[in-house]
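# Notes for the structure review
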Amino acid sequence: MSYLEELNPIQRQAVTTIEGPVLVIAGPGSGKTRVLTYRIAHLLQNHVPPWEILALTFTNKSAREMKERIEQVVGPSAQKVWAGTFHSIFARILRYEADKIGYPSSFSIYDTDDTTSVLKAIIKEMNLDPNVYHPSAIRSRISMCKSNLITPILYRQNVDMMQQDRAAKRPYVVDIYEQYIARCFRSGAMDFDDLLYQLYRLFQQNPGNVLDKYRARFRYVHVDEFQDTNFLQYAILRLLTKYDGSPENVFIVGDDAQSIYAFRGATIDNILDFEKDYTNLQTFKLEQNYRSTFHIVSAANEVILNNRRQLPKTIWTNREERQKIKLLRCLTDDEEGRRVADLILEHKHRYHLPNSDIAILYRTNAQSRKFEEHLRKLNLLYRVYGGMSFYQRKEVKDLVAYLRLAVNPQDEEALRRVINFPTRGISDATIGKLSAAASAHEMTMWEAMISVPLDVTERAKKSMAQFRKMVEAWQSRATSDSAARLASDILRQSGLFDFMKNDTSPEGLGRMENLNAVLDAISEFVDSNGPGADDDTELDFLRRPGEEASLAAYLQTITLLTDADEKNDGTDYITLMSIHSAKGLEFKSIFVTGMEEGLFPSFMSLEDPNGLDEERRLFYVAITRAKEFLTISYAQNRYRYGQIKACEPSRFLEEVGTDHFEFVGGLGSARLNAHSQPTMPSQRGASVSGNFSTPRRLKPPPVPPKAAANFQASPAEYIVEGVTVFHQKFGEGKILSVEGPAGNKIATIRFKNDDMSERRIVLKFAKLQVL
DNA sequence: TGACTGTGGGTTTTT
DNA sequence: CCCACAGTCA
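Here the residue numbers are simple positions, counted from 1 along each chain's written sequence. As a convention, the first chain written is A and the first ligand written is 1, with the rest following in written order. Confidence filtering applies because this is a predicted model: local features only for residues at pLDDT of at least 70, side-chain atom pairs given and counted only at 80 or more, and all residues used for totals across whole chains, interfaces and linings. Water and hydrogen atoms were dropped before computing side-chain values, which therefore reflect all heavy atoms in the structure.

Working convention: axes come from line fits to C-alpha atoms, limited for helices to the stretch in contact. Angles between N-to-C directions cover 0 to 180 degrees. Going along the chain from the N terminus, every DSSP run of H or I of four or more residues is numbered as a helix, and every run of E of two or more is numbered as a strand. One way to put it is that helix H1 (residues 9-16) packs onto helix H2 (residues 32-45) with a least axis distance of 8 Å and a crossing angle of 45°. The angle between H1 and H2 places the two elements in the oblique class. Both H1 and H2 take part in a crossing whose hand is right-handed. On H2, the residues touching Gln11, Ala14, Val15 and Thr16 of H1 are Val35, Tyr38, Arg39 and His42. Any angle that falls under 35 degrees is termed roughly parallel, while one over 145 is termed roughly antiparallel, one within 65 to 115 roughly perpendicular, and all others oblique. By the definition used in this description, the sense in which the near helix is turned from the far one sets the handedness, with an anticlockwise turn below a right angle giving left-handed and a clockwise turn giving right-handed. What makes two residues a contact is simply this: any of their non-hydrogen atoms within 4.5 Å.

Being near a molecule or strand, for a residue, comes down to having at least one heavy atom within 4 Å of it. Close to DNA strand B lie 21 residues; Arg264, Arg363, Thr562, Ser578 and Tyr641 are nearest. Put simply, 41% of the atoms of DNA strand B that lie within 4 Å of the protein are in sugar or phosphate. Between a base oxygen of DNA strand B and a side-chain N or O atom of His87, the distance comes to 2.9 Å. Pairs of N or O atoms within 3.5 Å make up the polar contacts considered here, provided that, within protein, one atom can donate a hydrogen while the other can accept it, and that residues adjacent in sequence are counted only when both atoms are side-chain atoms. A distance of 3.2 Å separates a phosphate oxygen of DNA strand B from a polar atom in the side chain of Ser581. Under this grouping Gly is polar, as are all residues other than the nonpolar Ala, Val, Leu, Ile, Met, Phe, Trp, Tyr, Cys and Pro and the charged Asp, Glu, Lys and Arg. Partitioned by chemical class, the residues of the surface near DNA strand B number 8 nonpolar, 10 polar and 3 charged.

Two strands form a pair only when DSSP identifies at least two bridges running between them. Read across the sheet, 6 strands follow the order S3-S2-S6-S7-S1-S8 without closing on themselves; strand pairing throughout is parallel. Since the sheet does not close on itself, it has two edges, and those belong to strand S3 (82-85) and strand S8 (282-286), each with one partner. Ignoring which end each strand starts from, the neighbouring axes of this sheet average 15° apart. Relative to strand S7 (residues 250-254), strand S6 (residues 220-223) is paired through 3 bridges, and the arrangement is parallel. When the bridges of S7 are listed, Val223 appears paired with Ile252. Sitting on the sheet, H1 is in contact with strand S1 (22-26), S7 and S8, with an inclination near 145° to S8. The strands touched by H2 are S1, strand S2 (53-57), S6, S7 and S8; relative to S6, the strand with the most contacts, the crossing angle is about 170°.

So, about the protein's contact with DNA strand C. The environment of DNA strand C is made up of Lys120, Arg369, Tyr641 and Gly642. For DNA strand C, the backbone makes up 44% of the atoms found within 4 Å of the protein, where backbone means sugar plus phosphate. Here a phosphate oxygen of DNA strand C sits 2.8 Å away from a polar atom, N or O, in the side chain of Lys120. For DNA strand C, a phosphate oxygen lies 2.9 Å from a polar atom in the side chain of Arg369.

A few words now on the packing of aromatic side chains. Note on ring pairs: Phe, Tyr and Trp rings are taken, using the six-membered ring of Trp, and paired if centres are within 6.5 Å. Classes follow the plane angle, with under 30 degrees stacked, over 60 edge-to-face and the rest tilted. Counted according to the given criterion, the structure contains 22 aromatic pairs. Aromatic pair Phe226 and Tyr234: ring centres 5.9 Å apart, planes at 80°, arrangement edge-to-face. Classification of Phe226 as buried rests on a relative accessible area of 1%. Each ring, one from Phe525 and one from Tyr554, has its centre 5.3 Å from the other, and the planes form 70°; the classification is edge-to-face. With Phe525 in helix H24 (residues 506-529) and Tyr554 in helix H25 (residues 551-558), the pair connects residues that are 29 residues apart, well separated along the chain. An aromatic cluster of at least three residues, connected via ring pairs, comprises Trp82, Phe203, Tyr214 and Phe218. Buried residues are those whose accessible area, probed at 1.4 Å on protein chains only, stays under 20% of the maximum for their type, while exposed residues exceed 50% and partly exposed ones sit between those limits.

Here we come to the packing of helix H21 (residues 458-477) against helix H22 (residues 483-493). The geometry of H21 relative to H22 is characterised by a closest axis approach of 11 Å and an angle of 175° between their N-to-C directions. One finds that H21 runs roughly antiparallel with respect to H22. Along its contact with H21, which presents Met470, Trp474 and Arg477, the element H22 presents Arg485, Leu486, Asp489, Ile490 and Gln493. For the contact of H21 with H22, a count of residues per class yields 4 nonpolar, 1 polar and 3 charged.

Next up, the structure:
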């Protein structure tokens, strides 16, 4: 029982309370994951069979980590615990039970792009204006409905919602919603919300007593990050664990202060409801922070105090004081990028940090570019998360669409995607007729292709017949043949391979590589999930041999992956990600960037106190990711929509006591100007340093006095081709080239407001400041 | 059919 | 500024 000794008394109590409902309120860095994993390990040690244990998380990554850590304590039986994301576990259950609610077990999963594209098609068919019925806005409204169990019928009965739609001049949203549901169903497809919603329906309707089966099976249920669950997720949890005679072994872990998904329907009410619904509840509060040093923990406490509603708790640490929080004031977003990169380099040397100890966090993904630029200049390796995942790339989606079609030909989105790609003589006009026929008969395009005679050319008919034959051939092999072989045949027979192989550009080769990577991934998937992967299947009624290795299972898995789930190849890189994706992670050195009003907090939230509180929690999450070094930066001017805009420092900075900050030297190295008297006056608000021409001003003064006051020459090594510099006499200019030996370099510069087109300037003498 | 151009619109966060 | 999309041309 040595693992119990690694826990503090409260943690140990929580872990060893194995009967009845348990709520663990866990502050950042308080050993939340440890408690969760050790609790499961403890169950296993006490002879609870692994398949009776369910653990639900939000990301694949945390599920994987959890499994690994359980395995370290109890060995391989950990792999049989049902640990995964809500979406992936539910997809798996739905795969087994699909027929009970009228879906094929090989149902497709529509990702956000698929969903949007279905909505676009519906909007178009209904002759509605896509500028009014903005597809992505409709998508989020539908998503909101599903997450709150609002069916189209309830929608129509809901006076408020109907009123909202009328007020927004889009009274037909509910009709789109209805159409959308019908289409998805016909196509044998579920979107992300359906994976929860349809499971709820299944459980609620309980055909064949299916719910009782799962109740009996999952006797120990765990939920991580409970503060991020939405109404629907909680409803499912309740169905599963709250009933007459239930042992109510529900173990939930969360922190209201880290709730950052309210915008997606997560609600703190779930924690409060949990206390009401499970009356035997035992609550444990983990308040000791083992992660971060003093200034970081204190700053976090001070900030979160400004939120209105929260469960009372105080996070404390007995880790030593160490570093203060570095605060970087930068003139522009570009300078922010440069200085963060510089600081990282310096940091690495001074403290011998590997790249993997460092992360740059930001509010919006678009901010990554500046950092990438400057990290590249310093030859620092980095990886950006939150971009397009592997499976979202066009070529991969194309191949996957073919695979989806082989498994489920009703999949309309897949069909649309590939029916004429690569081109096979089925024109847009033909596709339009096919689609219209399908709608008219309330069937899928695939069905229409089979049974509705179309008024098209013989050539088009022939092409369609050929296409059909090809897909049918794959379809007949989909369940019997090896997924890997089938996929490889599909790549060739579809014409994708031939289409791609002609492209020998570097990008083309990369795309080809990606396709091969999909094939490899399928082989690997089959190997690790195939028959024999599990030796006591008969005890685990959900594991049917072979089923888990099917092509359908693979396709359903990959749609739920994000780029955070891609394997890293062991290289040592700096992490760049949004704060949202950093939730649950920790790094020795964290940079929280872009701390400006309107950016963080986001301008979308400025009007709304709840929104602001959520932004504040997000800031709380951001700074508590840091173990030892925390650097916070903001820019006074930032490009937005291609134009430079003056920015105020974020209000959140004022909420941290100045004694936790160290103001770092550099160009804008005054104190935080919002609440202490700036040592350099006139850096606020609209007084954009004049070296940027504001769009409305026709002729900016040639030597803006304010910029001159702030002028600080940059070292010669920063002056390289392509950078923008400021010269005290000539103003803003761009470096066209740099030549000559080190120490005696000459730069060719084009200044914006200068009669001469170019000037050659000897760097040794000239004072230039990189902007 | 594909490649190119202009324009219009948009930035919050994600399974 | 950056992207997606519609429309035009070869």
